[in-house]
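# Structure at a glance
Take a look at the letters that make up each chain.
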Amino acid sequence: MEIGALQRTRIAALRRIVADIEEAAGREARAPFERLRLRLDGWTARVAVIGQVKAGKSSFLNAFIGAPGLLPSDVNPWTSAVTNLRINLPGDPAGGACFRFFDEAAWEEIVEGDPRVRALAEEMLPGFDSGLLLRQAQEMKARAQARLGPAYGGLLGRAHRYDSVTPEVLEAYVCAGPGADAGLEDSGLGLYSAITREADLYLHLPEFAVPVVLTDTPGVNDPFLVRDEVTCRSLDRADIFVILLSAHQPLTEADLALLRMLPAERARNVILVLNRIDELDEMDAEIEPLLSDVAARLRAALPAAAAISILPGSAWLAELALREDAEARALRAEADGPALRRYLLARYGRVPETEAGRLRLASGVEEVKRTLGRLIDLGAGHRQLAALHEEVRAETGALVALCKRERRSVAQQVESLSGPAAARFLTEIRGEMARLSELRRGIEERLARLTPTTDRILARGAATLRQTVETAIRAFLEERRGELAARAAAGDRRPVSVDLARLGRLLDRELSEDYRRTRSAADEALAEALAEAAGLASERFPGVAAGVSLHGLPHEEFATTLTLARRPLTVDMIARRGWAFWRGAEADPARTFEALRRITLAELLPWSQKILAAAAEAQALRIETGKERIGILLATVDRAMAERAERLRSDAAVLAQLAADPVRAAQMSNRLQSRLEVLERRLQVLAICDSRLAHPSLADAA
């Protein structure tokens, strides 16, 4: 089985079409097609693997890539370093790993806190105790200094590279084991983990038909802001998500929190793996009811859950099938019992003949791989390729219009080879150059006017989003003030627990609505600019704008994995101080509210800053992509101007002498006829390529 085989075929087909167009386009028009070809060459499926601690992520990844024991799975990770398994990426080393450390600025942000968060805290709550955000970071700094000694300062901003990688090497960079360093002075375990930002492992695996990056994300909602940012950004870059649950406690609140991190439009690219099924008492009888229960609760909790694939699995069985040691042989014999065979027959309708085959099938890893391949071929990968396809068609349409315009111009020149006509034609070329220059200015001015318009839209959108967040947080806190006063009056001294889930849902909804309004305003401005630019360009290049559209711009909805923590916040009710010691202590709602407010803001403020930045980044990228589409028209005019300028330079002297030199006139005629033939062949090739691009099945068209 090859993962992403159909996607590889389609990429290769589109690449061949682009290469054919690039070859036919001529030197002056190749640049956009060369850029598109390079993007096709670099296409990569990005898969994030997420899950709670002890869900078996590392073991699952080891089994998935067929490397038992590679990723550390026997220790509790203290760090949140992101680990990327880069599989078959062009230009990567043949093997080994690269570990990148935080640079000075990022490390300073970890240790001293984000100044933007502090500014927002001071604005919303004067006197805010930033120590709530910094205490653990200071402990991490002390830990790193103690472990690394004099080398500590010189490592920041650097990277360590290895030609080969072992579990021991990985343990030194991505996992620190116990929460304290006692007894680890002479151990390499976790030596660099505190300052490791990201780890890349280079792998070449034949079963992957397309390049794939599998990202292991050890933690989200990390108390260290920069680490949380790195983890969440790695999730934002992902196209497909594999979420591991434990068969012992599937779909806990923590699991649902992970799923809620993924916007609804990404749910169709999620694979939910119910791992560790080998630990169930009666695997053959328990798994199907368990899957049905998870599916029902998932649908109840998340409206978009119907699109999520839910698969049973066991990383332990998969690793067991790969190992050849004596212990593994004994464990395989024990696991390969009647219950396993009954399960295989019930779920898959077959029982493989070999012991290893039965364990592999029961592990579910092959089923996960097939599902991943389907999502690459028909899900996220298909949509990404469709967007590239649109860009190729737009550039091809512009090139066709340019070639037709040039063909008309050369044909007119052929008819103007007499002396007076030649002189007149030179004048016409210069006039055409002037008109093209005027056209270029017109389109450029329209794009220039678009920039301040979209800047204003982005600024208004950012202000609206910020106001939405701040208003919701203030209102949420004020509600808690009333609750505390009522409880104090009733003599209720129990701890105060505040669940942020309701606030999170409200903010998700309101932020999405604000984003849509800003996106609609930006799209309207882009569409108006495109219509005006297309109208100007079509006067000189009929049909040039036919393939240029704003279809498929990125970030139709606000999609980010930066999310508000779903865990409840708890504060003990604070007693009122007084001199009447014989009276029972009364609750102090004001002081309790102040404590609750500080803790709540410590949770909310870092998140709000990151979510606002993510929304602004998404809007800006959508607008920039739209401007690039409109820029295709400007590039077409530029190419036309370059062609005419070249013609003036090469032909002006000859045209001026045609009347007195029939031989030169014949040479010029031959040159122009040759140029016409080149243009005719180019248009024929472009027509064939355009037909292939329009074919319902791109792979068949190639």
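Reading guide: rules and limits
Residues numbered from 1 in each chain as written. Predicted model: local features only at pLDDT ≥ 70, side-chain atom pairs only at ≥ 80, totals over all residues. Heavy atoms only, no water. Phe/Tyr/Trp six-rings, centres within 6.5 Å; stacked < 30°, edge-to-face > 60°. Helix = DSSP H or I, 4+ residues; strand = E, 2+ residues; numbered from the N terminus. Buried < 20%, exposed > 50% of the residue type's maximum accessible area, 1.4 Å probe, protein only. Polar contact = N/O pair within 3.5 Å; in protein donor to acceptor, adjacent residues only side chain to side chain. Contact = heavy atoms within 4.5 Å. pLDDT = per-residue confidence, 0-100.

## So, the packing of aromatic side chains
The full count for this structure, using the stated rule, is 9 aromatic pairs. A ring pair is formed by Phe64 and Phe208, whose centres lie 6.1 Å apart and whose planes are at 55°; its orientation type is tilted. One end of the pair, Phe64, is in helix H3 (residues 57-64); the other, Phe208, is in the loop between strand S5 (196-203) and strand S6 (212-216), and 144 residues separate them in sequence. Look at Phe64 and you get buried, because its relative accessible area is 2%. For Phe208, a relative accessible area of 4% gives the class buried. With centroids separated by 5.9 Å and ring planes inclined at 80°, the aromatic side chains of Phe99 and Tyr162 adopt a geometry described as edge-to-face. Placement of Phe99 in strand S3 (residues 97-101) and of Tyr162 in strand S4 (residues 159-162) is noted, with a sequence separation of 63 residues between them. For Phe99, a relative accessible area of 0% corresponds to the buried category.

## Regarding the side chain of Gln7
Tracing the backbone through its elements, the reader meets Gln7 in helix H1 (residues 5-25). Separated by 3.0 Å, the side chain of Gln7 and the backbone oxygen of Gly381 make a polar contact. In contact with Gln7, not counting residues within four places along its chain, are Trp43, Val210, Ile376, Asp377, Gly381, His382 and Leu385.

## Regarding the confidence of the model for the chain
Here the chain averages 79 in pLDDT, and 78% of its residues register 70 or above. The lowest-confidence element of the chain is helix H5 (residues 115-124), averaging 46 in pLDDT; the highest-confidence one is S4, averaging 95. Scored below 50 in pLDDT, residues 120-129 makes 26 contacts in the model with residues more than four places away or belonging to other chains. Here residues 220-226 is modelled with pLDDT under 50, and outside its nearest four sequence neighbours on either side it reaches 26 contacts, counting other chains as well.

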